[in-house]
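# Residue-level structure breakdown
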Amino acid sequence: MARNRLRTDQKADICIVPLGQVPSLAVSIVAANIQTVVGLNSKILPPFPNPEYAFVSLRGQYLAGKILAALESVENETILKLGLVQCDLCTPILKFVFGNSQLGGKAAVVSLFRLGSDEPGGMYLRAAKIAIHETGHMLGLGHCHVRDCLMAFSSTPERVDSLPLRFCPACKYEVARCLRHYLGGV
Amino acid sequence: MGQSARILVVDDEETICESLIEWFTMDGYEVGSALSGPDALELAADCPFDIYLVDVKMPGMDGVELLSRIKEKQPDAMVVMMTAHGSIPTAVETMKRGAVDYLCKPFDPNDLSIMMQRILTQKSLREENISLREQLIEQQEGFYDVIIIYSEAMRKIFGTIEEVARSSAPILITGETGVGKEIVAKAIHHKSDCCGGPFLPVNCGSLAESLLESELFGHEKGAFTGAVKARRGRLEMANRGTLFLDEVGEISPRMQVSLLRVLEEKSFTRVGGSQSINSDFRLISATHRDLPSMIREGLFREDFFYRINVITLHIPPLRERSDDIPVLADHFLKRYVQETGKHLEGFTQRALDILASYHWPGNIRELRNVVERAVVIARGRLIGAEELTFLNPRTDAASPCIGSLRELEIHHIRTALDACNGNIVRASKQLGVDRTTLMRKIKRYNLVRA
């Protein structure tokens with residue numbers, strides 16, 4: 001597992017926001033991996049209500065974009081916000097998404113709905129990888145063509161399983177550069 | 001992902017456009033969007049896209065009509081149709097009109113990803129196919145146009161090519177007609193960093209100015225009578241490759257100004273167009289003319305000359321490198337023996353002596369023509385002096401003239417026409433007479449053009 005320089009201050013950079021009934025273990029594992037792999041101090045917020053405002057009855061799913069807009073308006077001292085939901089996410093153009101964010105945006109959301117695994121802890125590992133991927137997008141990274149990079153696009157849970165828990169050297173460099181910009185030289 | 005394709009999303013629903021823009025931007029594509037068919041055509045007119053994602057159902061101009069209009073202007077555009085209500089008849093109709101795929105909204109992320117990979121692979125294969133075909137045609141046409149490096153003079157030239165090929169500096173190749181300037185230009189291209197790109201030759205002497213302008217800059221549909229569709233010019237097609245301007249001395253001063261601007265700014269517009277197009281290419285020019293003299297006479301621009309002539313390579317005429325003649329003759333003999341199936345083994349010593357002593361005003365092109373003719377009329381296993389009587393060594397500048405003045409004049413005119421591929425304007429300049437005089441002599445002596 002990649003390690004970043006330890007931060008000496010305790011200021012949180014990203015808050016993890018459980019929305020609805022999300023297993024607390026999943027939240028903790030996501031927070032810990034973002035801290036370890038990306039290098040962002042994570043803070044877990046108390047659970048928020050299920051995002052019914054994002055529900056689309058025609059599709060029986062929740063629009064990720066509406067959840068992102070809601071997360072951006074959450075009052076908090078952290079720069080970035082990552083929501084975790086149990087419900088099935090979609091976008092206007094895609095049937096489903098594991099996670100969603102805006103490139104260089106302030107919010108991201110990850111759904112555990114399609115990440116279930118027969119492997120013990122498999123779901124949590126998949127969630128952690130998707131969360132790190134979406135955090136990369138928030139930092140401004142696009143999809144990576146290197147197959148073994150967390151920023152590579154994954155359209156199936158099996159593909160997510162094949163990813164190691166690290167960035168490729170180019171993306172790692174880019175993450176570090178973005179963090180210096182966000183965190184002011186740390 | 002290092003994508004090089006430009007994508008245009010066309011859908012009357014703004015959320016769909018935004019969603020797709022977000023998706024493709026994550027993958028590193030350059031994405032644009034339009035909410036209607038006319039808007040899409042306007043955007044594409046300014047700067048065509050590589051891939052279009054078009055919604056079938058739109059008010060006004062629907063997706064099927066837009067597909068046809070896009071294909072009309074850009075036959076090689078890749079168009080994917082999107083619809084929320086898929087129907088087989090519509091799918092068949094759009095595929096018939098040239099769509100590459102037909103997807104139902106919302107997409108499965110995996111399907112969208114696979115489709116984009118497939119389209120890009122198809123695009124890449126198509127471009128590679130075109131490039132390989134062009135290379136194959138070039139190879140077939142110039143298969144035997146290998147460069148013979150035997151004489152000291154040519155070895156020095158190729159030493160220089162090895163040194164200058166890697167730089168991006170413009171090169172001017174000078175030399176008489178038929179010495180092999182284009183072959184040398186190709187050799188430079190293949191040894192340069194542009195070798196992965198195209199080699200685009202343009203014969204500036206064979207086209208009228210208006211046609212040359214269209215050939216170089218391309219044109220938009222309707223730019224002039226006969227411009228039924230937009231066409232890319234050589235300047236655009238040479239991007240990341242080499243542009244070879246043959247007979248650069250024939251370019252008019254007005255065209256020299258236009259080209260000078262292109263060489264300095266690396267951008268231009270098509271004839272009848274307004275959109276600026278960028279093209280980064282390596283320039284190689286060639287001429288048989290004495291450009292410094294033309295500058296003094298006001299027929300060639302000095303600023304253009306210095307722009308195209310950072311490095312000069314002079315190819316000496318064949319008569320100044322007679323060591324190459326037997327090697328070249330043998331090379332051409334093998335070529336024509338293979339083409340004709342004749343059993344010829346070589347030249348007699350007498351034939352080689354004749355070849356070595358001839359003046360060769362048409363240089364290598366003339367030598368090739370001579371060998372081809374000799375192969376056709378040869379009877380035995382060797383080409384001898386009797387197959388070369390048409391060369392008539394009596395007209396060689398180094399030999400004393402025998403025969404009447406009329407015979408001398410006929411042969412000299414015929415040789416000049418052969419050397420210039422029948423081009424009367426060039427032949428008249430080579431002979432030092434005006435075109436009308438030459439035409440009169442051709443008529444008087446009943447000469448047939450080569």
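The text that follows walks through the structure, step by step, so that each part is easy to find. Model, not experiment: these values are computed from the prediction.

Conventions used here
Residues numbered from 1 in each chain as written. Chains lettered and ligands numbered in written order. Predicted model: local features only at pLDDT ≥ 70, side-chain atom pairs only at ≥ 80, totals over all residues. Helix = DSSP H or I, 4+ residues; strand = E, 2+ residues; numbered from the N terminus. Buried ≥ 20, exposed ≤ 12 C-beta atoms within 10 Å, placed from the backbone. Contact = placed C-beta atoms within 7 Å. Pairing = 2+ DSSP bridges. Axes fitted to C-alpha atoms, helices over the stretch in contact; angles between N-to-C directions. Parallel < 35°, antiparallel > 145°, perpendicular 65-115°, else oblique. Nonpolar A, V, L, I, M, F, W, Y, C, P; charged D, E, K, R; others polar. Left-handed = near helix turned anticlockwise from the far one by under 90°. Core = buried A, V, L, I, M, F, W, Y, C linked by C-beta atoms within 7 Å.

## A closer look at the overall build of chain A
When helices and strands are tallied, chain A shows five helices and eight strands. The order of helices and strands in chain A, counted from the N terminus, is β-α-β-β-β-α-β-β-β-β-α-α-α. Taking all 186 residues of chain A together, 47% fall into the buried category. By sequence separation, contacts in chain A at least 24 residues apart represent 67% of the contacts at least 6 residues apart.

## Side note on the overall build of chain B
Summing up its helical and strand segments, chain B has 18 helices and 16 strands in all. Taken across its 450 residues, chain B has 34% of its residues classed as buried. Long-range contacts, defined as pairs at least 24 residues apart, comprise 69% of the intrachain contacts of chain B with a sequence gap of at least 6.

## Remarks on the sheet that holds strand 7 (residues 199-203) of chain B
All names here are of chain B. Strand order in this open sheet of five strands is 7-10-13-6-14, and the pairing throughout is parallel. For this open sheet the edge positions go to strand 7 and strand 14 (311-314), each flanked by a neighbour on one side alone. Pairwise comparison of adjacent strand axes, ignoring direction, gives a mean angle of 20 degrees for this sheet.

## Some thoughts on the pairing of strand 6 (residues 171-174) of chain B
All names here are of chain B. Alternating positions in strand 6 separate into two faces, I171 and I173 on one and L172 and T174 on the other, with burial throughout. As paired elements, strand 6 and strand 13 (residues 282-287) share four bridges and run parallel to each other. Counted as the bridge partner of T174 is T287 from strand 13. Across four bridges, strand 6 lies against strand 14 in parallel orientation. Across the sheet, residue T174 finds its bridge partner in strand 14, namely H314.

## Quick look at the packing of helix 17 (residues 424-431) of chain B against helix 18 (residues 435-445) of chain B
Residue and element names in this part refer to chain B. Running from N to C, helix 17 and helix 18 point in directions that differ by 100 degrees, and their axes come no closer than 9 Å. Taken together, the axes of helix 17 and helix 18 are roughly perpendicular relative to one another. Across the interface between the two elements, I424, V425, A427, S428 and L431 of helix 17 pack against R435, L438 and M439 of helix 18. Tallied by class, residues from the contact of helix 17 with helix 18 come to six nonpolar, one polar and one charged.

## Quick word on the sheet that holds strand 3 (residues 55-56) of chain A
Residue and element names in this part refer to chain A. Spatially, the three strands line up as an open sheet ordered 3-4-6, and their pairing is mixed. The open sheet has two free edges, formed respectively by strand 3 and strand 6 (89-90), since each of these has just one partner strand. The pairing of strand 4 (residues 61-63) with strand 6 spans two bridges and is parallel. Across the sheet, residue L63 finds its bridge partner in strand 6, namely C90. Here helix 2 (residues 64-72) sits on the sheet in contact with strand 4 and strand 6, set at roughly 50 degrees to strand 4.

## Considering the packing of helix 2 (residues 37-46) of chain B against helix 3 (residues 63-73) of chain B
All names here are of chain B. Interhelical geometry of helix 2 versus helix 3 gives an angle of 15 degrees and a closest axis separation of 10 Å. Here helix 2 lies roughly parallel to helix 3, going by the angle between them. Handedness of the crossing formed by helix 2 with helix 3: right-handed. The residues of helix 3 that touch helix 2, namely those facing G37, A40, L41 and A44, are E65, L66, R69 and I70. Across the contact of helix 2 with helix 3, the residue classes tally to five nonpolar, one polar and two charged.

## Comments concerning the interface of chain A and chain B
Bring the parts together and some accessible area is lost; that lost area is often taken as the interface size. On the chain B side, the residues contacting the 16 residues of chain A number 19 residues. Partitioning the side of chain A that touches chain B into residue classes produces seven nonpolar, eight polar and one charged.

## Examining the nonpolar core
What tends to happen in soluble globular proteins is that the nonpolar side chains get buried as a cluster. In terms of nonpolar packing, the biggest core is built from 91 residues, with A:V30, A:L84, A:A127, B:Y52 and B:V79 touching the most fellow members. Of the residues forming this core, the biggest block, eight residues, is contributed by helix 3 (residues 122-138) of chain A. Beyond its immediate chain neighbours, meaning those up to four positions away, A:A127 contacts A:A26, A:V30, A:V110, A:L112 and A:L115.

## Structural notes on the environment of B:L318
Residue and element names in this part refer to chain B. Checked against the element boundaries, L318 lands in the loop between strand 14 and helix 13 (324-340). C-alpha separation for the pair L318 and E176, spaced 142 residues apart in sequence, amounts to 9.2 Å. In this view, L318 contacts V179, D324, I325, W360, N363, I364 and L367; residues no more than four positions away in its chain are not counted.

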